[in-house]
Amino acid sequence: MDASAGDRQQTRSDLAWAISVGGIGVVLFAALVVFTWYYAATLFLIFAGVLLGTTLNAMSNRLGQLVRLPHPLRLAVVCLVLAALFSGVVFLGGATIRQQATALSDTIKSQLVNVKAFLDRNGVDTSYFDIGNSSANAPSPGSTTPGAPVTHNLPSAGALASSGGAIVSQTLKLLLGTLSAVGNFFIVLFLGLAFAAQPGVYRTGLLFMAPARHRARATVIVDRIGETLERWLIAQIVTMFVVFLVTWIGLAIIGIQSSFILGIQAGILTFIPTVGALIGGLIVVLASLASGWIAALSAFILFLGVHALESYILTPLLQRQALDIPPATLFAFQILLGVVFGIWGLALALPLMAIVKVMIDYFKSDESEPPETAAA
């Protein structure tokens, strides 16, 4: 009788302990979700710095296969080469980039207005677009009634104050936006250099946070994630450069203006799978419409060729050992993160999914091993 009462008491204690642990786990998980939601931009910024550090470390490791130098010297050589390439592009092609960017912006705006007018002529309601509304709503110079006296009304003091306040507000927004973008750039640059300078220190610190009994598994997972990201980033850089080169040369042969800046944007948008290619193709076709339908059709064929080159040759050839994610799964994950977290989630969806896939593959392979193998 006493034994059964003791068993019941032990069962109640175990149940209360399980409920307490479960409740604490739920609260901690909810707190983690809320923290991630409110500080998503900062977390993505840190992750971008980690990716930059991984890229620099991967380039340093590739350089180490050619020359035997200490890691700090190899990293310095890589940074100097990248800085020289960037400076060369800015100083040698800065004027061209600025002119082509201005021309591309004007061309895109005019083509969007033409598309809106075409839709209006064919009975499609485009009233929700803001294109051209300001010019349409502004009174034309010849809209005054003939014979009416021309009056020159000076704005009131309130109108002047309101206009001045609006100008100051817009100027402050522009300055804050510029400072934020420049600050984010230097934050990512600093984090990338810090991670690449001492990768072993941060790896050891990350593993130290894992429980001692799980540290061996955590080591394997962290190393696999690092290797996967390094292989993918190197392959992605090569793919982006090839897409830029082919797009630039192809558009220049067709005779499209702003071919250089269009090639740059196509190469940069290649970092975002699927969605980036679609956006880049749309920009290329819109910019080509100003040169006629034949040029636009040629540019569209070039876009299809570049997309086929990327999807069926470069990606399988360069990334077959890095990532193997079904396109539909990747696209759904991109849309989810893009809707929830904006441009950061859209741009960094693939490396995040790569990390998740490495962890899932590890635990699946660990579960599929026989007990004697796991014990060995």
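See the structure above.
Residues numbered from 1 in each chain as written. Predicted model: local features only at pLDDT ≥ 70, side-chain atom pairs only at ≥ 80, totals over all residues. Heavy atoms only, no water.

1. Re the environment of tyrosine 362
No. 1: Mapping tyrosine 362 onto the fold places it in helix α13 (residues 349-368).
No. 2: Under the relative-accessibility criterion, tyrosine 362 is labelled buried at 9%.
No. 3: Sequence separation between tyrosine 362 and isoleucine 221 is 141 residues; the distance between their C-alpha atoms is 7.2 Å.
No. 4: Non-local contacts of tyrosine 362, meaning those with residues more than four positions away in its chain, are made with Arg217, Val220, Ile221 and Arg224. (Helix = DSSP H or I, 4+ residues; strand = E, 2+ residues; numbered from the N terminus. Buried < 20%, exposed > 50% of the residue type's maximum accessible area, 1.4 Å probe, protein only. Contact = heavy atoms within 4.5 Å.)

2. Observations concerning the pattern of salt bridges
Think of it this way: side chains of opposite charge can pair up when their charged atoms draw near.
No. 1: Counted under the stated rule, the structure contains 2 salt bridges.
No. 2: Residue arginine 203 is joined to aspartate 223 by a salt bridge in which the shortest nitrogen-to-oxygen separation is 2.8 Å. Here aspartate 223 lies in helix α7 (residues 215-254) and arginine 203 lies in helix α6 (residues 199-208), a separation of 20 residues in the sequence.
No. 3: Classification of arginine 203 as partly exposed rests on a relative accessible area of 32%.
No. 4: The exposure class assigned to aspartate 223 is partly exposed, which follows from its relative accessible area of 30%.
No. 5: Notably, a salt bridge pairs lysine 357 with aspartate 361, separated by 2.7 Å at the nearest N-O pair. Of the two residues, lysine 357 and aspartate 361 are both situated in helix α13; the distance of 4 residues between them amounts to about one turn of the helix.
No. 6: Residue lysine 357 is classed as partly exposed on the basis of its relative accessible area of 26%.
No. 7: Take aspartate 361: its relative accessible area is 33%, and that puts it in the partly exposed class. (Salt bridge = Lys/Arg side-chain N within 4 Å of Asp/Glu carboxyl O.)

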